Amino acid sequence: MEQKQFQAESKKLMDMMINSIYTHKEIFLRELISNASDAIDKLYFKSLTDDSVGMNKSDFKITLAVDKDARTLTITDNGIGMTKEEMEEHLGTIANSGSLQFNQIIGQFGVGFYSAFMVAKRVTVKSLAFGETQGYVWQSEGVEGYTMDTCDKDTVGTEITLELLDDVAADEDGNGGENYSEFLDQYRIQSLVKRYSDYIRFPICMDMTKSRKKEDS
């Protein structure tokens, strides 16, 4: 696959955003869930006037999945999805030329999306747009660029998989450590969803592993 480069301004913005705008790394989850909700909103409103959508409001949801062995967190929606051109536009460019001021770009899709790189060493996006038959996959390891290719995807919507960074041990004084594995803990994820995404009007679902005490133990 061809490696494509981000615009120079996009590289600067990504670096500035990760190191300046977001002081709490867990904010990435709020941003990705918010994007998923926006995508569902678009397809839901389309369904009100287009019977071909074939979905009711109760059908829409956002799904979170954790794979501790692979160190991945996946956010999936069944919203309107993105075409190849839309993926290039939204994921390949954070801001239009000349929009280096943050007050001009806050709220654009790419700004929140790129907060994922605060916790992920690789981000993979698979999407199938409503009305299309071909899905596309976008992948990036950060500011060096991204790749795009076709992919098999049976359902409309977008799937974002974050391959989390390795944990960083603290120094002798207890400073400088980073625990990225916390975002693989289902109860930590559940807590963050309640804290940051309680306003989302579509269900946010995640399989939870339950445990119970054995008798006489």
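Above this text is the structure in question.
What comes next is a walk through the structure. (Residues numbered from 1 in each chain as written. Predicted model: local features only at pLDDT ≥ 70, side-chain atom pairs only at ≥ 80, totals over all residues. Heavy atoms only, no water.)

## Structural notes on the pattern of salt bridges
Threshold: Between Lys or Arg on one side and Asp or Glu on the other, a salt bridge is scored when a side-chain nitrogen of the former is within 4 Å of a carboxyl oxygen of the latter. Only DSSP runs of H or I covering at least 4 residues are called helices, and only runs of E covering at least 2 are called strands; the numbering of each starts at the N terminus.
One pass over the structure, following the stated rule, counts 13 salt bridges. A salt bridge links Lys 4 to Glu 88; the nearest nitrogen and oxygen atoms lie 2.4 Å apart. With Lys 4 in the segment before α1 (8-21) and Glu 88 in helix α3 (residues 84-92), this pair connects stretches of sequence that are 84 residues apart. Notably, a salt bridge pairs Asp 166 with Lys 121, separated by 3.7 Å at the nearest N-O pair.

## What to know about helix α6 (residues 186-196)
Here is the rule: Buried means the residue's accessible area, taken with a 1.4 Å probe over protein chains only, is under 20% of the maximum for its type, while exposed means over 50%, and partly exposed covers the values in between. The arc in question is traced by the directions running from the helix axis to the C-beta atoms. Note on contacts: a residue pair qualifies if any of its non-hydrogen atoms lie within 4.5 Å across the two residues.
Every buried residue belonging to α6 is among Gln 186, Ile 189, Leu 192, Val 193 and Tyr 196, and all of these are buried. Summarising the axial view, the buried residues of α6 lie within an arc of 125°, below the 170-degree limit, and thus occupy one face. For α6, the elements touching its buried residues are α2 (27-47), β1 (62-67), β2 (72-77) and β7 (204-206).

## Some points on the packing of aromatic side chains
This is how the line gets drawn: Aromatic contacts are taken between Phe, Tyr and Trp rings whose centres are within 6.5 Å, Trp giving its six-membered ring; a plane angle under 30 degrees counts as stacked, one over 60 as edge-to-face, and the others as tilted.
Enumeration over the complete set of coordinates arrives at nine aromatic pairs. Of the aromatic side chains, those joined through ring pairs into one cluster are Phe 113, Tyr 114, Phe 117, Trp 138 and Tyr 146.

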